[in-house]
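# Observations on the three-dimensional arrangement
These are the residues of each chain, in order.
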Amino acid sequence: MSESTTASSNSDSPTVRVTRRTLFGAGLATAGAAAVGAVAGRATAPDPAAPSRTEPFHGPRQAGIATAAQSHALFFSVDIARPDRTVLRELLAGWTATAAALTTGDPVPESPGTAPGFSAHTDFATDLDPARLTLTFGLGPSLFDERFGLAAKRPRHLHPLPEFPGDALNPTWSGGDVLVQICADDAQIVSHAFRALRARMPGLGRMRWTQHGFLTRPADGGTPRNMFGHKDGTANPRSGTAAFDRTVWINSPDEPGWLRDGTYLVFRKIRMKTADWDQLPLAEQNAVIGRRRSDGAPLRGAGEFDPVDLESRTPTGELAIPAAAHVRLVHDIPMLRRSYNYDYGTLIANAGGAAEEAHTHAPGTPEHTHGGHNQLDAGLLFAAYMNNPPEQFVAAQRALAASDRLNPLIQHTGSAFFAIPPGIAQGESIADALWS
């Protein structure tokens with residue numbers, strides 16, 4: 001949870017264009033429009049002023065980064081089935097073709113060797129538009145070892161993240177060879193996309209972990225809130241600005257050419273102890289963060305986007321933003337976060353108490369029940385994009401781990417790190433430049 005970084009730049013908004021689709025072929029789309037839009041015996045045309053429901057898949061940079069954050073997300077990580085770069089290439093090529101079809105609402109291509117009578121089409125998303133679906137692909141550090149012969153093309157900063165004090169990482173929620181971020185404004189579209197990608201995995205990849213998140217932007221387009229009720233992402237750089245480009249996109253001669261116009265993604269699953277948080281008085285909650293929960297303004301500030309004044313003092317001479325407040329520790333460390341809330345309800349340990357070994361509470365605390373075997377698992381799927389992780393995420397996390405007043409109230413339980421290749425033109429596959 002970083003002051004410098006959630007969701008996406010707050011000024012982002014969808015482009016204006018309609019696609020009531022060629023969803024399943026021009027004939028079906030025409031018939032569907034006539035059936036749905038018939039008024040007094042004639043069909044109504046699509047409204048050209050309605051917001052676009054598609055996001056372009058092809059382009060110089062992958063979608064799902066500068067894109068205005070959608071309402072639902074699924075992150076999943078896979079390991080390549082065999083240490084063979086042809087397997088990796090086949091998986092990425094199949095996923096690219098599938099993603100290109102999904103984002104436009106077209107039928108997904110059949111997998112090679114599909115037996116007669118079987119099909120990739122499930123009808124799970126029939127008659128649904130793409131709901132601004134984006135699919136974003138990343139490559140993990142493990143792909144650039146000797147297994148795949150790609151060591152010479154390893155991105156400069158793509159090494160396993162260091163351990164941080166207080167981490168309670170579950171290996172089953174961490175790491176992976178390849179990551180996919182699926183985002184859309186319809187949870188069923190997200191699930192449909194995941195299902196379509198999973199269908200291309202047999203023999204090529206093994207599922208490592210999945211995480212589901214949600215996010216609701218206020219009706220006025222303002223900053224979303226996290227599970228602690230605070231606005232989250234106030235300090236994000238805004239898409240289309242020089243600050244955004246300096247923060248996110250890779251344009252360094254020290255990086256391999258195939259990664260130019262790409263970025264890095266740090267993914268962390270952060271459990272937020274909401275029951276403990278809710279026991280704190282509002283003034284203490286504000287002091288922990290360094291901002292007012294009500295409107296997101298920095299303490300002693302008038303509005304959400306006022307500059308953070310680290311020198312301001314209260315009438316009694318104390319720092320207005322306490323020394324160990326979250327905002328103070330990460331001030332001026334930029335990154336773009338497209339984070340999502342999650343709420344998985346109660347985790348119940350197995351007979352041996354091993355469901356969540358890291359989640360322990362003293363008897364009598366709000367989240368301790370039944371001997372510590374039931375835990376609330378809700379929090380943040382932290383997804384931060386940046387071009388220099390050591391000077392951005394690592395620097396911020398070290399400062400936070402040392403003294404952040406949030407530390408007793410959160411727990412990092414999953415961690416992964418990926419290089420995000422640039423976008424592609426039609427006819428290309430994700431990371432094609434790796435093979436040239």
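Residues numbered from 1 in each chain as written. Predicted model: local features only at pLDDT ≥ 70, side-chain atom pairs only at ≥ 80, totals over all residues. Heavy atoms only, no water.

### Observations regarding the pairing of strand β7 (residues 263-272)
- Of all 10 residues in β7, 10 are buried; the element is thus mostly enclosed.
- Here β7 shows no split at all, with Thr263, Leu265, Phe267, Lys269 and Arg271 on one side and Tyr264, Val266, Arg268, Ile270 and Met272 on the other all buried.
- For β7 and strand β11 (residues 410-420), the ladder comprises 10 bridges, and the chain directions are antiparallel. Bridge assignment links Met272 to a residue of β11, and that residue is Ile410. (Buried < 20%, exposed > 50% of the residue type's maximum accessible area, 1.4 Å probe, protein only. Helix = DSSP H or I, 4+ residues; strand = E, 2+ residues; numbered from the N terminus. Pairing = 2+ DSSP bridges.)

### Digging into the side chain of Lys269
- Within the element layout of this structure, Lys269 appears in strand β7.
- You can call Lys269 buried: its relative accessible area is 1%.
- Among the polar contacts listed, one links the side chain of Lys269 to the side chain of Asp377, at a separation of 3.0 Å.
- Sequence-distant contacts of Lys269, defined by excluding residues within four places in its chain, comprise Trp173, Gln211, Tyr342, Tyr344, Asp377, Leu380, Leu381, Gln411, His412, Thr413 and Gly414. (Polar contact = N/O pair within 3.5 Å; in protein donor to acceptor, adjacent residues only side chain to side chain. Contact = heavy atoms within 4.5 Å.)

### With respect to the packing of helix α2 (residues 85-104) against helix α3 (residues 187-198)
- Running from N to C, α2 and α3 point in directions that differ by 155 degrees, and their axes come no closer than 10 Å. One finds that α2 runs roughly antiparallel with respect to α3. The element α2 and its partner α3 pack so that their crossing is right-handed. Of α3, the residues touching α2 (which contributes Trp95, Thr98 and Leu102) are His192, Ala193, Ala196 and Leu197.
- Of the residues belonging to the contact of α2 with α3, the class tally is five nonpolar, two polar and no charged. (Axes fitted to C-alpha atoms, helices over the stretch in contact; angles between N-to-C directions. Parallel < 35°, antiparallel > 145°, perpendicular 65-115°, else oblique. Left-handed = near helix turned anticlockwise from the far one by under 90°. Nonpolar A, V, L, I, M, F, W, Y, C, P; charged D, E, K, R; others polar.)

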